[in-house]
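Results of the structural survey
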Amino acid sequence: MALSEVDAAATALGRAVTPMLAEHPGKTGIHPLLEAHEAFAARMLLATAAERTLDVQYYIWHGDMTGTLLFESLHAAAGRGVRVRLLLDDNNTSGLDDTLAALDSHPNIEVRLFNPFRIRKPRVLGYLADFSRMNRRMHNKSFTADNRATIIGGRNVGDEYFGVSKGTLFADLDVMAVGPVVGEVSADFDRYWTSASARPVDRVLPPADSRRLEALASAASLIEGRPAARAYMNALRRSGFVQDLLRCNLDLEWAATRMVSDDPGKGLGRAAPEKFLTRQLADIIGEPAASLDLISPYFVLRDAVVRAFTSWAARGVKIRVLTNSLEATDVALVHAGYAKKRRRLLRAGVTLYEMQRLSPYFVKIRRPGRMGGSGASLHAKTFSVDRSRAFIGSFNFDPRSAALNTESGFIIESPSLAQRVDAVFNDVIPDNAYEVRLSDAGKLYWLERRSGEEIRHDTEPGTGIGKRAAVAVLSALPIEWLL
């Protein structure tokens, strides 16, 4: 069960936020976490500040530098007497069985796995034996401390999400929130924690070696001593964001905020369609009257949604979309599902942008100091409607998010935040993404803006003929339900 209001208010986090809540009754304080190192710092600081509870839910958690440090932060919190509940989707826990079992062995830590693999090695056999269930995953992400502060959004836990990886980095977006919506996140966590898909890890994995927890602490200590990790952590300590957070001086946008999420029964194919996140979004947001600005790494629309976009554009709604280019995407198969709809969207008047892999802005904002990778792939999921309200969460605009995976996010009634999305489309995206256009002959071409000049590409930029041919073949296959 989530921490009671009385107990939550008595914590340091509770005492810090109570005066602010009194000044903004009924509203939630929102702080966007765009920069990767701030997103990591916020999680570490919430884990350090927690006194009673930590409820943590993720789709991916890697055992790399940032993943190990966050694991150890949960372990350290449990050592202080904090009750820690960790709920992970089992699709991406390969190699973590010993660590998860060790964490679960601590008296103050419980670990559960969502739709776990019964056959641990090789996991592909688990898919073959139980495909219908294994194809449904928990894509939700949240990190909640003492039922008083939470982080929710698109980021998983791993170096590529926090600006550390030497490979491709993910340009992503979370929000940290305090206020009434935190109780909704805690209640939603309880729904998933007690769902039929969430299995206690001690029923899935063998008992842990008693020395494994000590090994986790040692691994974290070794990581912290490496030059690259020291540089990263020093950049965090110097961060103005961290200082503002520690002093409770963080700039917050106060707005009516509502959580939307899928019924966890969706993970077993048992949720009614009216309990899907997509239905909630449609009911709450309705139809745009003037504008829709949408950012999604995967953008695969069903025909009914394409018809809706076409109808909205026909009556004057300005629709702009940013998704990944073929050179930037981490899932070329999904790009194939998007590629076949581009001409219809462009003919309808929808503006399409595709993020560059070497986008100067999105790579820069993810690098604390000299840390960072060689390119970026869009991973943020957000949209704004009529410059008055915004959605930030885990939901991708694709059939998998709509029908198979569970998702969550916030609907924020904030013209200020919505207009920030509008400003990104006006001021940032045109110089960091290719604009897709349609020639008079019906051929696609891509415009790149570089140093004030426009460069035209008549084939998908940054790709070879083999990759383009493969995507063309995949686009012709009837596989959208899998994407």
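See the structure shown above.
The present account deals with the structure reproduced in this document. (Residues numbered from 1 in each chain as written. Predicted model: local features only at pLDDT ≥ 70, side-chain atom pairs only at ≥ 80, totals over all residues. Heavy atoms only, no water.)

A few words now on the overall build of the protein chain. From N to C terminus, the protein chain includes 19 helices and 20 strands. The C-alpha radius of gyration computed for the protein chain amounts to 22 Å, which stays within 12% of the reference 23 Å derived for 483 residues, consistent with globular compactness. Dimensions of the protein chain, computed from C-alpha atoms along their principal axes, come out at roughly 65 × 55 × 50 Å. For the protein chain, the proportion of its 483 residues judged to be buried stands at 59%. (Helix = DSSP H or I, 4+ residues; strand = E, 2+ residues; numbered from the N terminus. Rg over C-alpha atoms; globule rule 2.2 N^0.38 Å. Buried < 20%, exposed > 50% of the residue type's maximum accessible area, 1.4 Å probe, protein only.)

This part is about unusual backbone geometry. Between K121 and the following residue, P122, the backbone shows a cis peptide bond with an omega angle of -15 degrees. Within the chain, N115 stands out as a residue other than glycine whose phi angle is a positive 45 degrees. Judged by its relative accessible area of 1%, N115 is buried. A positive phi is found at N147, a non-glycine position, where the angle reads about 55 degrees.

In this section: the packing of aromatic side chains. Following the criterion strictly, the structure yields 17 aromatic pairs and no others. Relative to F131, the ring of Y127 has its centre 6.4 Å away and its plane inclined at 50 degrees; by these criteria the two rings are tilted. Residue Y127 is classed as partly exposed on the basis of its relative accessible area of 22%. Feature note: the residues F299, F309, W312, Y338, F383, F391, F395 and F397 constitute an aromatic cluster, connected by ring pairs. Geometry around F276 places K266 over its ring, the cationic atom sitting 4.8 Å from the centre. Note that R456 overlies the ring of Y445, its terminal NZ or CZ placed 3.8 Å from the centroid. (Phe/Tyr/Trp six-rings, centres within 6.5 Å; stacked < 30°, edge-to-face > 60°. Lys NZ or Arg CZ within 6 Å of the ring centre and 35° of its normal.)

Moving on, we come to the packing of helix 3 (residues 36–49) against helix 10 (residues 227–238). What describes two packed helices is the angle between their axes and the distance between those same axes. Packing of helix 3 against helix 10 brings their axes to within 10 Å, and their N-to-C directions diverge by 80 degrees. As the angle between them shows, helix 3 and helix 10 are arranged roughly perpendicular. Residues A36, H37, F40 and A41 of helix 3 pack against Y232, M233 and L236 of helix 10. Its residues assigned to classes, the contact of helix 3 with helix 10 shows six nonpolar, one polar and no charged. (Axes fitted to C-alpha atoms, helices over the stretch in contact; angles between N-to-C directions. Parallel < 35°, antiparallel > 145°, perpendicular 65-115°, else oblique. Contact = heavy atoms within 4.5 Å. Nonpolar A, V, L, I, M, F, W, Y, C, P; charged D, E, K, R; others polar.)

Running from N to C, helix 3 and helix 4 (residues 65–79) cross one another at 15 degrees; their axes reach a closest spacing of 9 Å. When the axis of helix 3 is compared with that of helix 4, the two are roughly parallel. When the axes of helix 3 and helix 4 are compared, the crossing they make is left-handed. Residues F40, R43, M44 and A47 of helix 3 touch helix 4, and the partners they reach there are T66, L69, L70, S73 and A77. Within the contact of helix 3 with helix 4, the residues separate by chemical class into six nonpolar, two polar and one charged. (Left-handed = near helix turned anticlockwise from the far one by under 90°.)

Residues F40, L54, W61, L86, L100, F143 and M176 are the most contacted members of the largest nonpolar core, which totals 59 residues. Apart from the residues lying within four places of it in its own chain, the contact partners of F40 are T66, L69, L70, F162, Y232, M233 and L236. Counting 33 residues, the second-largest nonpolar core is a separate cluster that includes F299, A313, V317 and L444. (Core = buried A, V, L, I, M, F, W, Y, C linked by side-chain atoms within 4.5 Å.)

A word on a nonpolar patch on the surface. On the surface, a cluster of nonpolar side chains totalling about 370 Å² of accessible area is made up of I119, V124, L125 and L128. Within the fold, V124 resides in helix 6 (residues 124–129). (Patch = residues over 30% accessible without salt bridge, like charges linked within 9 Å, V, L, I, M, F, W, Y side chains within 5 Å. Areas by Shrake-Rupley, 256 points an atom, 1.4 Å probe, with all protein chains shown as cover. Salt bridge = Lys/Arg side-chain N within 4 Å of Asp/Glu carboxyl O.)

For the coordinates displayed, the defined rule picks out 29 salt bridges. Residues R83 and D55 are paired through a salt bridge, measuring 3.7 Å at the closest nitrogen-oxygen approach. Taken as a pair, R83 in strand 3 (residues 83–89) and D55 in strand 2 (residues 53–58) lie far apart in primary sequence, 28 residues in all. Look at the salt bridges and you will find they share partners, linking D55, R83, R85 and D190 into a network.

Attention shifts here to the side chain of D263. Looking at the element boundaries, D263 is found in the loop between strand 10 (253–261) and helix 12 (277–285). Look at D263: it is buried, it has no salt bridge, and the nearest opposite charge is K275 at 4.0 Å. Side-chain polar atoms of D263 contact the backbone nitrogen of G265, separated by 2.7 Å. What D263 contacts, discounting residues up to four positions off in sequence, is R191, Y192, A271, K275 and T406. (Lys, Arg positive; Asp, Glu negative; His and termini not counted. Polar contact = N/O pair within 3.5 Å; in protein donor to acceptor, adjacent residues only side chain to side chain.)

As a further point, take the environment of A348. Tracing the sequence through the fold places A348 in helix 15 (residues 342–348). Once you skip the residues sitting within four places of it in the chain, A348 turns out to touch T310 and A313.

Every regular strand shows the same layout, with side chains that alternate between the two sheet faces. Most of strand 13 (residues 351–355) sits out of view: four of its five residues are buried. As paired strands, strand 12 (residues 318–324) and strand 13 are joined by five bridges and run parallel to one another. Looking at the pairing, N324 lines up with M355 of strand 13. Relative to strand 18 (residues 433–438), strand 13 runs antiparallel, the two being bridged by four bridges. Note that in strand 18 the partner of L352 across the bridge is V436. (Pairing = 2+ DSSP bridges.)

As a further point, take helix 9 (residues 212–225). Between the first and last C-alpha of helix 9 there are 20 Å, a value that for 14 residues agrees with the 20 Å anticipated at 1.5 Å per step. Where helix 9 is buried, its residues contact helix 4, helix 5 (97–105) and helix 10. (Expected span 1.5 Å × (residues − 1).)

Turning our eyes to something else, we now look at the side chain of E448. Tracing the backbone shows E448 in strand 19 (residues 444–450). You can call E448 buried: its relative accessible area is 8%. Polar contacts involving the side chain of E448 include one to the side chain of R450, which spans 2.9 Å. Other than its neighbours up to four places away in sequence, E448 contacts Q356, Y434, E453, E454, I455 and H457.

In short, shape yes, function no, at least from these values alone.
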